[in-house]
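Chain residues, written in single-letter form:
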Protein chains: 2
Amino acid sequence: MRKGKHTWTFENKPVIIGSYGIAGPKEGKGPLKEYYDEVLRSDLFGEKTYEKAECKMQFTAIEKAIKKSGKQKEEIDAMFAGDLLNQIVSSAFSARELEIPYLGLYNACSTFAEGLLIASALIANGTLNDATCSTSSHYSTAERQYRYPLELGTQMTPTAQWTVTGAGCVVLSSKGEGVKIEGFTIGRVVDYDVTDTNNMGAAMAPAAAYTLEDHLKETGRTPDYYDMILTGDLGKFGVEMMNKLLLGDGIDVRNIHNDCGMMVFDEKQNVRMGGSGAGCSSLVFSTYVMSKLLDGSIKRLLFMPTGALMSKDSSLQGESIPAIAHAISIEGL
Amino acid sequence: MRKGKHTWTFENKPVIIGSYGIAGPKEGKGPLKEYYDEVLRSDLFGEKTYEKAECKMQFTAIEKAIKKSGKQKEEIDAMFAGDLLNQIVSSAFSARELEIPYLGLYNACSTFAEGLLIASALIANGTLNDATCSTSSHYSTAERQYRYPLELGTQMTPTAQWTVTGAGCVVLSSKGEGVKIEGFTIGRVVDYDVTDTNNMGAAMAPAAAYTLEDHLKETGRTPDYYDMILTGDLGKFGVEMMNKLLLGDGIDVRNIHNDCGMMVFDEKQNVRMGGSGAGCSSLVFSTYVMSKLLDGSIKRLLFMPTGALMSKDSSLQGESIPAIAHAISIEGL
């Protein structure tokens, strides 16, 4: 049901019937380690390259999530997947192995939310019955693609974030009991002219603030409607900036807000502002957050992964960093 | 309405209420030149880099398509866009300028079909009212990203294709008169172990054959149900290979099949197997094909853009080229 320009809510709420999250070794030493379905001992995952390892991570997350859902992969109508590698090859090569009809998505680190909203809209309105949504990222593939060869041993700048090595997948279904998708707000691209690619939080914070304000305005809800408002990977600085922007408009979410990028690592793990990457929000959501939605400790969640839409080339050509955030309203048990 | 594992048809058929195609200088000398809405005099389009030029092309195609549809951009619920640049920046930066809720897609050169099927499904099931679908590609950005610096003056191999400099956009609506989307078949990823990145046609042909066979089987239609079956950018070799595969299964589409990549250039233009690129199918569809659908010379079209899902890195790491094709059934006046 249309709620406003950017927001929809569902009468037939899609159900999350399965989820699986796989984490890298460093993530496996972090605060959420007990919640991960699987932790890699080596971030090469038995492969010859980090790119092949990332692909294997996303493939594993999708395959195991389907298994946990009790479905056969032949029953999945479509897989919605994306990642940060050029031409989202982790997703494409996963789709090749799975032979599920494939729809590749790219909204940077908000891709998991993009998948959730498109898939749930297609399920809620009766087009699809079952679909998977997955994303992945890998510290070692992201570093060498977006920044510098690992061998250089480059120092992180103070506002930088550590790309999460991880993958997460959920299986959405038109039938079943469990955690439900209640609605969504589609984000638009916001650019505050931030050009420092080592400060993604600053680039993404305005997008998060805009989308949250659109969502609250169009649903007529106040922040306390939700037990938790969870952004994807704003990191410490981005969260501060988002709260500054929101408070300027009289919106205070500080007591119910958290950020996957800040939850996934411990400050002692030397990750500067926190974790980031398309796999950050999908890993944390598919494991820790799902467990809290299932045990009743989160009844209403607004899940808002954020994405920075630049490329290495666009930054080298002097472009600022456009960002986006989609909001997904989720109901726990 | 569900027709089979991969195929859906619509009761409320989305209408194409506007379309716009913008072509590069070389394309503007090709056989379809009269049909293009706009032809660039320089492929830099007044910008400092080819990447910025490609972005401006896609932005222009979207903006002008909306204008031709008689809508205001504020009325567009969402824009579905993709391109071949890393992190699909042409689409992201277009979305930044347009401020329309943005859903980025990537299925390589079949991205335009991916956009058409997701957008039309969301419109047909009542979620969205109006949406744009657009893609772009640019010879000079693709060459330097996927192959070699232009300055090297590398020779094309015999089976290579020439990336189309162009962008196309259509505006889909739940209301109105005109060309209608009747249904679609979602493609799955097919890999025949082709590793020659200068022979995309060979990599994509099996995907086209699989999707066409799925579509015919699940709809119970024979090829002659359609006036035209139009693939995206298989090129001369890819079309031969697709026909060989189809004939092996007793399916002959040769008399009604054409390929945007073969239509967009003249053999004398020295493009080897023909045109390619995410902008190839969207440019040809949004201009020439739309005019034929509107003047009644094509009543039933099966539009099947194909995509090769590799990246430069995946090929360098010894991976073969996975491919995909989505089929969109379209009704002319």
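Refer to the structure printed above.
Treat the numbers as computed from the prediction; the structure is a model and nothing was measured. (Residues numbered from 1 in each chain as written. Chains lettered and ligands numbered in written order. Predicted model: local features only at pLDDT ≥ 70, side-chain atom pairs only at ≥ 80, totals over all residues. Heavy atoms only, no water.)

**Details of the environment of V189(A)**
Within the fold, V189(A) resides in the loop between β9 (179–185) and α5 (200–219). Relative accessible area serves as the criterion here: at 5%, V189(A) is assigned to the buried category. With 22 residues separating them in the primary sequence, V189(A) and T211(A) have C-alpha atoms 9.8 Å apart. In contact with V189(A), not counting residues within four places along its chain, are L309(A), P322(A), A323(A), I324(A), A92(B), A95(B), R96(B) and Y102(B). (Helix = DSSP H or I, 4+ residues; strand = E, 2+ residues; numbered from the N terminus. Buried < 20%, exposed > 50% of the residue type's maximum accessible area, 1.4 Å probe, protein only. Contact = heavy atoms within 4.5 Å.)

**Side note on the pattern of salt bridges**
Evaluation of the coordinates by the stated rule reveals 42 salt bridges over all chains. We note a salt bridge from R96(B) to D191(A), for which the minimum N-O separation is 2.6 Å. Pair noted here: R96(B) is in helix α2 (residues 89–98) and D191(A) is in the loop between β9 and α5, and the two residues belong to different chains. Each member of the salt-bridge network shares a partner with another, and the members are K52(A), R96(A), E97(A), D191(B) and E319(B). (Salt bridge = Lys/Arg side-chain N within 4 Å of Asp/Glu carboxyl O.)

**Quick notes on the interface of chain B and chain A**
If you look at the interface, chain B gives 59 residues, while chain A gives 60 residues. Between chain B and chain A lies a buried interface of about 4,600 Å² when both sides are counted; carbon and sulfur atoms form 57% of it. Among the residues of chain B in contact with chain A, Q87(B), R96(B) and Q317(B) are the three that bury the most area, contributing 15% of the side total. Remark: the boundary between chain B and chain A carries eight salt bridges. Ionic pairing is found between D77(B) and R2(A), a salt bridge with its closest N-O pair at 2.6 Å. Across the contact surface, chain B and chain A share 34 residue pairs in polar contact (both at pLDDT 80 or more). (Buried area = accessible area lost by both parts, 1.4 Å probe. Polar contact = N/O pair within 3.5 Å; in protein donor to acceptor, adjacent residues only side chain to side chain.)

**Regarding helix α2 (residues 89–98) of chain A**
What sets the pattern is the α-helix's 3.6 residues per turn: residues three or four places apart point alike. Most of α2(A) sits out of view: nine of its 10 residues are buried. Elements that come into contact with the buried residues of α2(A) comprise α1 (50–69), β4 (78–83), β5 (102–104) and β6 (130–137) of chain A together with α9 (312–316) of chain B. Following α2(A) by one or two positions, E99(A) adopts a phi angle in the positive range, close to 55°.

**Some words on the packing of helix α1 (residues 50–69) of chain B against α2(B)**
When two helices pack together, their arrangement is given by the angle between the helix axes and by the axis-to-axis distance. Residues and elements named next belong to chain B. At a minimum axis separation of 8 Å, α1 and α2 run at an interaxial angle of 50°. Classified by the angle between their axes, α1 and α2 sit oblique to one another. Seen along the crossing, α1 lies across α2 with a hand that is right-handed. Between α1 and α2, the contacting residues are E54, C55, Q58, F59, I62 and E63 on the first element and S90, S91, F93, S94, E97 and L98 on the second. Here the contact of α1 with α2 is built from residues that sort into five nonpolar, four polar and three charged. (Axes fitted to C-alpha atoms, helices over the stretch in contact; angles between N-to-C directions. Parallel < 35°, antiparallel > 145°, perpendicular 65-115°, else oblique. Left-handed = near helix turned anticlockwise from the far one by under 90°. Nonpolar A, V, L, I, M, F, W, Y, C, P; charged D, E, K, R; others polar.)

**Details of the side chain of S134(A)**
Residues and elements named next belong to chain A. Summarising the element assignment, S134 is placed in strand β6. Engagement of the side chain of S134 in a polar contact is seen with the side chain of Q58, the distance being 2.8 Å. What S134 contacts, discounting residues up to four positions off in sequence, is Q58, I62, F80, A81, G82, F112, G168 and C169.

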